[in-house]
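The lines below spell out each chain.
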Amino acid sequence: MPPRTTTDREVQSVNWDDESAPETTDGPAAAADRLVGSSADGEDQAVEAALRPKDLGEFVGQERVREQLDLVLRAARARGATADHVLLSGAPGLGKTTLSMIIAAEMGAPIRITSGPAIQHAGDLAAILSSLTEGEVLFLDEIHRMSRPAEEMLYMAMEDFRVDVIVGKGPGATAIPLELPPFTLVGATTRAGLLPPPLRDRFGFTGHMEFYAPAELERVIHRSARLLDVAIDAEGAAEIAGRSRGTPRIANRLLRRVRDFAQVKADGVITPEVAAQALEVYEVDARGLDRLDRAVLTALLKLFGGGPVGLSTLAVAVGEERETVEEVAEPFLVREGLLARTPRGRIATPAAWTHLGLVPPAQAAGGPGQQGLFGG
Ligand SMILES: Nc1ncnc2c1ncn2[C@@H]1O[C@H](COP(=O)(O)OP(=O)(O)OP(=O)(O)O)[C@@H](O)[C@H]1O
Ligand SMILES: [Mg+2]
């Protein structure tokens, strides 16, 4: 195909980059240094490489995704073909990056790792795509944060294994088509809902990662303890698992902190008593709530009688930013059924009172108004 001249729209689209690059979605600063925060800090990144399962058999839990993915990969291998594009969605720390590396390993293919925010211009993506080798796995983390022009280039690359490289600027700009070798795109996103449908539809397989059951987290903890050469008994692992908020990354992080405590304050062995004492020191309670979570709940219960109270008022009461309360504390409290967001404001559920060892006021215990709120 001869080079063709781009339309105005394409030329413009190159210049959209800066504007359309999505805002950073990193949580508020207070989220960064939390022991129960779900994103990876520097120490996590260093240790995580060592703790990552290397194949599907070692990957704990996520039965459905694992089984489906196993079929996709086996079939591709049997056909001697490159595996279909895979989208992995789920909360931070559930194993998306790990699974992408496993996909490459299972296919015996090299993996190239990049992320949406790193691709500011379509040209950045073109450079990566054009240097892929046949069968290579391209892992695109935070794919929902890619710029629009790069996204549009990706559509064509995924479907036709072809990109148009735009040379020059303005009316003289020319699109030069470039053939790509077949590759497997593995996209990861914590926000599947933010992906435009045309992009979502181009993945042959989508795996939704769920939060892990306590028993699965126990297996993760035992496995990591073995790799870190830490002695831990079954109840000790259960104690940590129960406080890990359904997230392997948090389980691994709590394990390391409990190990420190066990070394300094005990004989190095993690028993449930040691784990409970250690996590009390680090202010992670039996359900995995930390200081901030408990401050929000305590204010809601003690100052506002369980609500409803507006988010801003609640935030002022705990001395935090609105965003911190909304994005850092609330999602887990809602997931745990301790707090509900209603049109009239935040309300505490009966479980919240029980968890903090408080008695709900009589009228809140079964009043018709409250019932109605929980129902919605
Ligand atoms: N199924 C699992 N079995 C064992 N360990 C796991 C599993 N899933 C995740 N982990 C461990 O949890 C840590 C975090 O996993 P990973 O980096 O893959 O999460 P992620 O979903 O990519 O998170 P993010 O959204 O922040 O990028 C890794 O160190 C990994 O060892
Ligand atoms: Mg990741």
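Residues numbered from 1 in each chain as written. Chains lettered and ligands numbered in written order. Predicted model: local features only at pLDDT ≥ 70, side-chain atom pairs only at ≥ 80, totals over all residues.

Novice: Give a description of the domain arrangement of the protein chain that names residues and reports values.
Specialist: Parsing the protein chain into structural domains produces domain 1 (4-208), domain 2 (214-281) and domain 3 (291-358). Each partner contributes to the interface: domain 1 provides 13 residues, whereas domain 2 provides 16 residues. Across the side of domain 1 that touches domain 2, the residue classes tally to eight nonpolar, four polar and one charged. (Domains from an automatic or database assignment. Contact = placed C-beta atoms within 7 Å. Nonpolar A, V, L, I, M, F, W, Y, C, P; charged D, E, K, R; others polar.)

Novice: Residues and numbers for unusual backbone geometry, please.
Specialist: Cis rather than trans, the peptide bond between Gly307 and Pro308 has omega equal to 5 degrees. Here Pro308 is to be found in the loop between helix H12 (291-303) and helix H13 (311-318). If you check the backbone angles, Asp229 has positive phi at about 60 degrees while not being a glycine. Structurally, Asp229 is set in the loop between helix H8 (214-228) and helix H9 (234-241). (Helix = DSSP H or I, 4+ residues; strand = E, 2+ residues; numbered from the N terminus.)

Novice: Residue-level account of the sheet that holds strand S4 (residues 137-141), with values.
Specialist: Strand order in the open sheet formed by five strands is S3-S4-S7-S2-S8, and the pairing between neighbours is parallel. Across the chains shown, the open sheet's two edge strands, defined by having one partner strand only, are strand S3 (111-115) and strand S8 (205-208). Neighbour-to-neighbour, the strand axes of this sheet turn through a mean angle of 15 degrees, independent of strand direction. Where strand S2 (residues 86-89) meets strand S7 (residues 184-189), four bridges bridge the pair, whose relative direction is parallel. What sits directly across from Leu88, in S7, is Ala188. Contacts between helix H4 (residues 96-107) and the sheet are confined to S2, S3, S4 and S7, with S4 contributing the most and set at about 175 degrees to the helix. (Pairing = 2+ DSSP bridges. Axes fitted to C-alpha atoms, helices over the stretch in contact; angles between N-to-C directions.)

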